[in-house]
Amino acid sequence: MKPLLPSAAFLLMALSAASQASIRIIPEPYRIEPRSGQPFVFDDNTAIVLSDSAALPAAKRLSSLPGAGLPIEWRSKGEEVKNAILLELDPKLESLGEDGYTFRARPQAITIQAFHPAGLFYAVETARQLLPWQEEGLAGYAIPPFDIEDHPRFAWRGLHLDVSRHFMPVEFIKKYIDYLAFHKLNTFHWHLVDGIGWRIEVKSHPELTDWGAWRVVKEGRMPWQDFEVWKPGDERPRYGGFYTREEVKEVVAYARERFITVVPEIELPGHSEVVFQCYPELLCRDSLGAPLPNIGVYCAGNPDSYRLLEDVLDEVLELFPSEYIHIGGDEVSKSNWARCTRCQRLMAERQYAGLDDIQSHFINHFDHYLRDRGRKLIGWHEILEGELSPEASIMYWGGADGTAAYLRRGHPTVLTPGSHLYFDHYQSLSPHEPKAWGGYSPLKEVYEYEPVPEELEETYRANILGIQANVWTEYIPGPQKVEYMVFPRIAALAEVAWASGEKDWPRFREKLGGLLPRYDAMGINYARSAFRPQASFELDQDTKQLIARLETELEADIFYTLDGSEPPSPSASPYTEPLRLDQSATIRAVAVKDGQPLTETETFEAVLHKARGAKVELHCTPYGRYQAKGGYTLVDANFGGDKWGNGQWLGILNENFEAVLELDTLTTIRQVGFSCIEETGAGIYFPARVEVAVSEDGRHFRTLRSWQNNRPLPIPRTPDIHTQTITLEFRPTACRYLRVKAAYQPVEGQGVFIFVDEVVVE
Ligand code: TNX
């Protein structure tokens with residue numbers, strides 16, 4: 001006979017399994033140890049208990065969690081507590097650092113201890129994720145027994161926001177700071193100045209915001225095209241805004257209560273067009289005394305440039321107590337310096353070898369200026385051009401694979417790699433994504449980012465101050481879209497910045513699935529991009545069938561159709577395994593939760609053309625990172641999509657494209673489609689000419705057809721991305737070999753790419 005009651009051992013096992021499952025915290029704590037035994041259960045008398053006023057801010061924060069409302073009570077140290085959450089500082093926990101804490105849940109009490117109030121603060125953020133978010137009160141809510149010991153991996157855990165390209169209201173800045181705190185981030189990099197908007201009040205130079213905070217709105221132009229400062233009296237509509245000194249103080253104080261440092265950025269010596277629209281007299285001048293064009297760069301030979309910036313920095317230092325002050329320093333256009341009399345004089349006097357030294361002269365001046373006032377300079381990594389002051393710190397924004405080389409330069413460095421942590425980049429490859437700057441950094445890539453390069457010598461590792469994600473707002477007009485671009489990638493950022501353990505994508509995925517309803521409750525407009533089905537195609541070389549895989553980054557049920565109808569429809573099927581296709585098909589797919597589609601429907605064309613899987617000989621050399629799968633890229637029945645940097649496109653630089661495809665047997669063909677992509681602003685152009693030739697022996701080719709690009713020249717440089725299939729039709733022709741040539745479009749004074757993908761043969 002079977003026993004009616006489960007054994008005690010089984011009960012214990014079940015309990016500990018359950019407790020483990022429910023402790024889902026982002027970022028992952030250093031150590032979580034589930035314990036056996038009874039849970040802690042809240043009732044109407046549960047209180048927060050403390051014995052030290054240093055713990056009071058954390059106690060208040062805990063008490064104000066949604067639905068918590070727990071009373072705060074005082075006890076003398078060491079007194080036994082029951083039915084309470086005890087918050088206390090413990091000098092013995094120094095080894096956990098200022099941000100570390102321990103969190104123990106037992107049936108009688110929850111005990112939170114830390115060395116420093118910052119640690120208590122982070123423990124409360126952990127508690128926030130353990131408690132329910134509905135405003136229903138906690139009575140009856142149970143917390144399983146466990147121990148947490150936690151501390152962060154990196155000291156600088158940053159998130160940046162560009163408020164120059166688009167102004168963000170101060171209420172939103174506070175919300176943003178709350179978002180950082182929720183994710184245990186501790187540095188808010190406030191990008192207050194850039195070429196098209198000055199956003200911080202400066203008492204000594206009121207023009208900077210009276211004029212420089214506003215720009216003329218121009219229909220159909222991007223804000224930086226024909227940028228023009230708006231001045232009172234102008235009838236045209238204006239756009240902009242700025243933060244008053246009072247607002248800045250408010251933000252800094254708000255952040256400090258959350259253990260967040262606000263690092264201000266004042267761009268110099270470049271990215272400053274707006275400054276010279278306010279003060280044209282500061283522009284570099286040629287030998288006749290005429291001002292040089294406003295390319296956003298300060299004159300390095302004019303003492304007034306330094307005076308203005310020192311005045312600005314004096315006020316910035318008053319408002320911001322941060323150790324680091326960011327001075328920009330990225331992408332400086334230096335050409336004026338070569339033509340400016342004063343800059344040339346400076347160069348001669350100092351015997352500088354080149355323009356990079358002028359840049360260093362400028363940067364190092366402010367390095368000293370800040371150091372004399374007890375602060376540290378940090379700037380984008382381009383400040384290394386020339387000879388940078390050894391004390392200066394760097395913010396590295398190149399690709400993650402270039403990190404080690406920069407760290408070996410020996411400067412303290414914050415890593416903000418453009419390859420992984422640019423939250424202005426796309427989160428999915430779907431054409432439904434709202435316009436972004438370019439680039440592609442999906443959630444999983446952010447999560448998988450490893451800051452410390454394996455090959456980096458131990459001695460240089462200490463140069464890593466930490467990591468940060470950047471949010472540039474060229475295409476982000478306001479808070480709603482900031483939230484879209486930042487969430488949920490901020491959760492992955494938090495993991496990389498805080499957690500020390502092995503990466504565990506399935507666990508992160510599951511934890512984030514649990515966090516999304518909380519984001520909903522917080523009213524956050526997070527992106528559902530991680531629920532957009534992505535298709536990948538693989539050719540089965542034996543059967544020549546196309547295997548189509550559908551997947552989403554975050555867990556969801558996918559429904560698809562092959563008849564063109566919109567899923568979830570009666571004809572939709574749940575996706576359970578890869579599809580094997582014998583002929584071309586249109587796959588439409590969507591992720592569904594509780595019967596509701598989570599995103600727009602994605603459409604994928606599966607194309608089974610006659611050259612699929614053919615042998616390919618390339619007669620050109622794909623460039624650098626744009627090798628994709630080599631010649632096979634052209635016939636893998638996989639289409640590159642509309643992002644040229646996604647590793648699915650072949651890029652050829654300053655060279656004509658040429659490939660020979662060898663079909664399995666003599667085949668009759670009547671059409672060739674040449675897939676290409678263009679972003680003229682990035683130097684990628686459609687070809688000038690395409691030509692198709694055929695052969696039966698692979699040696700003697702006969703040209704069947706050619707195509708000529710008849711666009712008027714010069715072709716404008718724009719950031720728009722276009723894809724095109726250039727189709728060449730001809731009389732049905734039997735062949736074994738097919739040669740495709742594409743000539744690149746020469747452009748005066750610059751390199752030109754051709755980007756090619758599938759060659760579709762029908
Ligand atoms: C480069 S990254 C910039 C920004 C742009 C960004 C767009 C850096 C230091 N400078 O000015 O907004 O690219 O992704």
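Small disclaimer: the values here were computed from a predicted structure and weren't measured.

(A) The arrangement of the overall build of the protein in detail. Within the protein one finds 17 helices and 36 strands. Compactness check: the protein gives a C-alpha radius of gyration of 30 Å against a globular reference of 27 Å for 762 residues, within 12% of the reference. Seen through its C-alpha atoms, the protein measures out along the principal axes to roughly 100 × 95 × 55 Å. Within the protein, buried positions represent 54% of all 762 residues. For the protein, the distance from the average site of its 78 positive side-chain charges to the average site of its 108 negative ones is 1 Å.

(B) Fine view of the pattern of salt bridges. Overall, the coordinates contain 52 salt bridges when judged by the stated rule. A salt bridge links glutamate 600 to arginine 532, with the nearest nitrogen and oxygen atoms 2.7 Å apart. You can see glutamate 600 sitting in the loop between strand 28 (596–597) and strand 29 (602–606) and its partner arginine 532 sitting in the loop between helix 17 (505–521) and strand 22 (534–539), a full 68 residues away along the chain. Residue arginine 532 is classed as buried on the basis of its relative accessible area, which comes to 4%.

(C) Structural view of the environment of aspartate 304. For aspartate 304, the location among the structural elements is in helix 8 (residues 303–319). For the pair aspartate 304 and leucine 282, spaced 22 residues apart in sequence, the C-alpha to C-alpha distance is 7.2 Å.

(D) Structural view of the packing of aromatic side chains. Across all of its chains, the model carries 40 aromatic pairs by this definition. Between phenylalanine 40 and phenylalanine 42, the aromatic rings sit 5.1 Å apart at their centres with planes inclined by 90°, giving edge-to-face as the arrangement. A relative accessible area of 2% places phenylalanine 42 in the buried class. Measuring from ring centre to ring centre gives 6.5 Å for phenylalanine 366 and tyrosine 369, while their planes differ by 65°; the resulting arrangement is edge-to-face.

(E) Region of interest: the packing of helix 4 (residues 170–182) against helix 15 (residues 479–486). Two elements in contact, helix 4 and helix 15, have axes whose closest approach is 11 Å; the angle formed by their N-to-C orientations is 15°. Considered as vectors, helix 4 and helix 15 are oriented roughly parallel to each other. Considering the relative orientation of helix 4 and helix 15, their crossing is right-handed. Contacts between helix 4 and helix 15 involve Phe172, Lys175, Tyr176 and Tyr179 on the former and, on the latter, Pro479, Val482, Glu483 and Val486.

(F) Spatial organisation of the side chain of aspartate 99. The topology assignment puts aspartate 99 in the loop between strand 5 (84–89) and strand 6 (101–105). For aspartate 99, the side chain forms a polar contact with the side chain of arginine 157, separated by 3.1 Å. Each residue touching aspartate 99, except ones within four places of it in the same chain, is listed here: Ala118, Gly119, Tyr122, Pro152, Arg157, Asn186 and Trp498.

(G) The arrangement of the pairing of strand 7 (residues 109–114) in detail. Burial analysis of strand 7 places six of its six residues in the buried class, the great majority of the element. Of the two faces of strand 7, the one lined by Ala109, Thr111 and Gln113 and the one lined by Ile110, Ile112 and Ala114 are each fully buried. The pairing of strand 5 with strand 7 spans six bridges and is classified as parallel. Bridged to leucine 89 within strand 7 is alanine 114. Sheet topology note: the strand 6/strand 7 ladder contains five bridges and is antiparallel. Its bridge partner being in strand 7, tyrosine 101 is matched across the sheet by alanine 114.

(H) Spatial organisation of the domain arrangement of the protein. Along its sequence, the protein is carved into domain 1 (6–150), domain 2 (156–521), domain 3 (532–605) and domain 4 (615–761). On a C-alpha basis, the centroid separation for the pair domain 2 and domain 3 is 41 Å. When domain 2 packs against domain 3, the two sides together hide about 950 Å² of surface, and 45% of this comes from carbon and sulfur. Here domain 2 and domain 3 share two salt bridges between them. Between arginine 532 and glutamate 433 there is a salt bridge, with the nearest N and O atoms lying 2.9 Å from each other. Counting every contact that joins domain 2 to domain 3 gives nine residue pairs in polar contact (both at pLDDT 80 or more).

(I) Representation of the site of the ligand. Taken together, the neighbourhood of the ligand is formed by Arg165, His271, Asp330, Glu331, Trp380, Trp397, Tyr422, Asp424, Trp437, Trp472 and Glu474. Separating an oxygen atom of the ligand from a side-chain N or O atom of aspartate 424 is a distance of 2.7 Å. Between an oxygen atom of the ligand and a side-chain N or O atom of glutamate 474, the distance comes to 2.6 Å. The fraction of the free accessible surface of the ligand (370 Å²) that becomes covered by protein chains is 95%. Its residues placed into classes, the shell around the ligand shows five nonpolar, one polar and five charged.

(J) Seen up close, the environment of tyrosine 460. Within the secondary structure, tyrosine 460 is located in helix 14 (residues 458–461). Take tyrosine 460: its relative accessible area is 28%, and that puts it in the partly exposed class. As a C-alpha pair, tyrosine 460 and tyrosine 406 span 54 residues in sequence and 9.8 Å in three-dimensional space.

(K) Helix 4, seen in detail. Taking 1.5 Å per residue, 13 residues should reach 18 Å; helix 4 reaches 19 Å between its end C-alpha atoms and fits that length. Taken from the residues just after helix 4, lysine 184 is the one with a positive phi, measuring 60°.

(L) Expanded view of unusual backbone geometry. Look at the link from leucine 268 to proline 269: it is a cis peptide, with omega at -15°. When you line up the elements, proline 269 lands in the loop between strand 16 (261–268) and helix 7 (273–278). Looking along the chain, the bond that leaves phenylalanine 487 and enters proline 488 is cis, with omega of 0°. With respect to the helices and strands, the residue proline 488 is situated in the loop between helix 15 and helix 16 (489–498). For phenylalanine 259, which is not glycine, the phi dihedral falls at a positive 55°.

(M) Highlighting the sheet that holds strand 3 (residues 47–50). Spatially, seven strands are ordered 1-9-6-7-5-3-4 in an open sheet, and the strand pairing comes out mixed. Of all strands in the sheet, those bounded by a partner on one side alone are strand 1 (31–34) and strand 4 (72–74). With strand direction ignored, the average angle separating the axes of adjacent strands in the sheet is 15°. Of the pairings in the sheet, the one linking strand 3 to strand 5 comprises four bridges and is parallel in character. Pairing of leucine 50 across the sheet is with leucine 87, part of strand 5.

Calculation rules
Residues numbered from 1 in each chain as written. Predicted model: local features only at pLDDT ≥ 70, side-chain atom pairs only at ≥ 80, totals over all residues. Heavy atoms only, no water. Helix = DSSP H or I, 4+ residues; strand = E, 2+ residues; numbered from the N terminus. Rg over C-alpha atoms; globule rule 2.2 N^0.38 Å. Buried < 20%, exposed > 50% of the residue type's maximum accessible area, 1.4 Å probe, protein only. Lys, Arg positive; Asp, Glu negative; His and termini not counted. Charge placed at Lys NZ, Arg CZ, Asp CG, Glu CD. Salt bridge = Lys/Arg side-chain N within 4 Å of Asp/Glu carboxyl O. Phe/Tyr/Trp six-rings, centres within 6.5 Å; stacked < 30°, edge-to-face > 60°. Axes fitted to C-alpha atoms, helices over the stretch in contact; angles between N-to-C directions. Parallel < 35°, antiparallel > 145°, perpendicular 65-115°, else oblique. Left-handed = near helix turned anticlockwise from the far one by under 90°. Contact = heavy atoms within 4.5 Å. Polar contact = N/O pair within 3.5 Å; in protein donor to acceptor, adjacent residues only side chain to side chain. Pairing = 2+ DSSP bridges. Domains from an automatic or database assignment. Buried area = accessible area lost by both parts, 1.4 Å probe. Near = heavy atom within 4 Å. Areas by Shrake-Rupley, 256 points an atom, 1.4 Å probe, with all protein chains shown as cover. Nonpolar A, V, L, I, M, F, W, Y, C, P; charged D, E, K, R; others polar. Expected span 1.5 Å × (residues − 1).

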